[in-house]
Amino acid sequence: MEDSDQCSGIKAAGNTRELDLALSSLDISSEPAKLPTSKLLHPVQAPMANHTDSISVESKFLKLQEANNISKAAYKEIMGMAFEANTWVVGTPALGTIEEFQQMFKTLPPPGMRVECSVETAIVPIAPENLVSVLMDVDRWGSTLSRIAHFGSSHLPTGVLQQLSRADETITKIVMVNAEFQLPTPLVPTRKFCFLRCLRKIVEDIWAIVDVSNDYFHHGPSDSKLEVKCQRRPSGVIIRRHDEYSEVIWLENVEVNEHQVQENIYSSIINSNLAFCAKRCVRTLLQKLKRNNSRFLNLRMPVDQQARVYLLNLTEYMEKNFLECINEAPNRRKWDILSDGEVRVLKDVTMNHVETQGSSNYIALTSFRIQAKPFSVVQFLLKNNVKLQWPSLLEEPEEVIKLASEDYNNCITLHKNVDLQNDFTKNHDYLLQEASWDEFCYFIISSPMTQAATNALFVGGCIYDHLKPSGFAILPDGSGGLQSDSCLVTIAMQQELAVLESGQAIQSMNFIINDIVEEIYEAMPTRR
């Protein structure tokens, strides 16, 4: 194989033709003497006013050159990773002498840190332009990967980094991203990152989205809103058109604190690199796209023509709320931690209007390991979740809505229960539930709804504040998916209680959680 600076290419979709990735249109060279400064900086009036101005311009120029070389090195690094993984990338781009910048991505991590690296390829049923748009819009990216990316925000880069697109015309968009990655359990701390995301158009119908932590840019701003403890080494997604779909290479390459997770039931998942690997990101993306194409299989009540969109949006918000509740560090403006032992109990501090009526909203959660196949646990919870939410039911409630994806891996249902208040008045209570799974995790999340809230939902009304989601997250404890020999279960249950003392609330919520855990254990043919 020739030296990597001399070879470049991507296998052409549908044939063996190689595409040249030399990127000869770059405005900036690695050699300072050859840099066309007119394209690098805002116009500077000539002649220079004095020697100080000349030094200032030269300093900005050198900082921009360094930032551009780091950006190019990150791009070359992900192309090299894709090539080494035997994907359809058949070489690395010729980008000049940037080996010294690439080398900093290959250094050993400092003591107490480790590198996790993974690559996954797939054909994704979305047009490449639309996929690029989703990934470069951090709100939509966070929504699409909501089961992994707990928090995401973005802003335009400042300082020398905002000039990168002037230095390299193949860069068409740049954003600075703050993000937290989480597992659905309070036992694993979130991973916090701040990184630069660049969109590069390589050739026609081929794009590269490159992430790299802002720490690598020595002259870049340090303006993260998060207490960043992890680094995103060159990572990203390489996309090419595949008929009407996208063929992607997803690359995850991060430096994380290996001591961040204390030894607990989730240690094996974290240490196996399954928790945040590229394959999980791709499966999450595919699951979300299938979910968005869900269709009604059962509809026994009048609804608005936009009912499908309303349900998808509402259950997405319900899942987001659930994941926020089970986060290792819940939002203190929303939740007050009353106890944090084997069962964590939280009080909703935003519901003062409810307190005036004599009750407050609480949530209790716990995670545990059970020696039973995830499939068995999931089947039990699917069958019994309605009863767990409505323990006083005398008869089976009616399913009035069922919205499911084509492969049934995502299913949204609405059940109706008739509450006879007296001999003359009937009041309908509802339970909204979403059950979804991929090979990495299964979620069953639900929330009670009143008649008024249900009516408002199907005329486009905003009822998000009325949701009180409870649910289950089941992770296979191993690589066997739903057929693994054991699984890790996180339970979160919300309840309004009319109690005066926090101790009473803690006791009541502990009882609710422990009772459900006992039911699960008793239903499984296994021992603790």
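Residues numbered from 1 in each chain as written. Predicted model: local features only at pLDDT ≥ 70, side-chain atom pairs only at ≥ 80, totals over all residues. Heavy atoms only, no water.

- Per an unreviewed UniProt entry, the protein is named START domain-containing protein, and its organism is Lithocarpus litseifolius.

Let's talk about the overall build of the protein
Consideration 1: Each helix and strand in the protein was counted, giving 12 helices and 18 strands.
Consideration 2: Sorting the 528 residues of the protein into buried and exposed places 53% on the buried side.
Consideration 3: When the accessible surface of the protein is summed, it comes to about 24,500 Å², and 48% of that surface belongs to carbon and sulfur atoms. (Helix = DSSP H or I, 4+ residues; strand = E, 2+ residues; numbered from the N terminus. Buried < 20%, exposed > 50% of the residue type's maximum accessible area, 1.4 Å probe, protein only. Areas by Shrake-Rupley, 256 points an atom, 1.4 Å probe, with all protein chains shown as cover.)

Examining helix 7 (residues 278–292)
Consideration 1: With 15 residues, helix 7 extends 21 Å from end C-alpha to end C-alpha; this agrees with the ideal 21 Å at 1.5 Å per step.
Consideration 2: Regarding helix 7, the residues found buried are A278, R280, C281, V282, T284, L285, L286, Q287, K288, L289 and R291. (Expected span 1.5 Å × (residues − 1).)

Some remarks on the pattern of salt bridges
Consideration 1: Counted according to the given criterion, the structure contains 26 salt bridges.
Consideration 2: Put simply, D168 and R200 hold a salt bridge, and the shortest N to O gap is 2.7 Å. Of this pair, D168 sits in the loop between helix 5 (164–167) and strand 3 (171–181) while R200 sits in strand 4 (residues 191–203), and the two are 32 residues apart along the sequence.
Consideration 3: Classification of D168 by relative accessible area gives buried; the value is 0%.
Consideration 4: E204 is the salt-bridge partner of K201, the closest N and O atoms lying 3.6 Å from each other.
Consideration 5: Bridged by salt links that share partners, the residues E120, K279, R283 and E439 form one connected network. (Salt bridge = Lys/Arg side-chain N within 4 Å of Asp/Glu carboxyl O.)

Describing the packing of helix 10 (residues 374–389) against helix 12 (residues 502–523)
Consideration 1: Where helix 10 contacts helix 12, the axes come no closer than 11 Å and their chain directions differ by 135°. As judged from the angle between their axes, helix 10 and helix 12 are oblique. For the pair helix 10 and helix 12, the sense of crossing is right-handed. When helix 10 is examined against helix 12, the residues V377, F380, L381 and L388 are found in contact with a partner set consisting of I516, E519, I520 and A523.
Consideration 2: Taken together, the residues that form the contact of helix 10 with helix 12 break down as 7 nonpolar, no polar and 1 charged. (Axes fitted to C-alpha atoms, helices over the stretch in contact; angles between N-to-C directions. Parallel < 35°, antiparallel > 145°, perpendicular 65-115°, else oblique. Left-handed = near helix turned anticlockwise from the far one by under 90°. Contact = heavy atoms within 4.5 Å. Nonpolar A, V, L, I, M, F, W, Y, C, P; charged D, E, K, R; others polar.)

Side note on the pairing of strand 11 (residues 344–348)
Consideration 1: With respect to burial, strand 11 is a largely interior element, 4 of its 5 residues being buried.
Consideration 2: By the bridge criterion, 5 bridges tie strand 10 (residues 335–340) to strand 11 in an arrangement that is antiparallel. Opposite I337, over in strand 11, you have L346 as the bridge partner.
Consideration 3: Between the end of strand 10 and the start of strand 11, which pair antiparallel, lie 3 residues.
Consideration 4: Of the strand pairs in this sheet, strand 11 and strand 12 (residues 360–370) are connected by 4 bridges, and their pairing is antiparallel. Bridge pairing in strand 12 links R344 to L365. (Pairing = 2+ DSSP bridges.)

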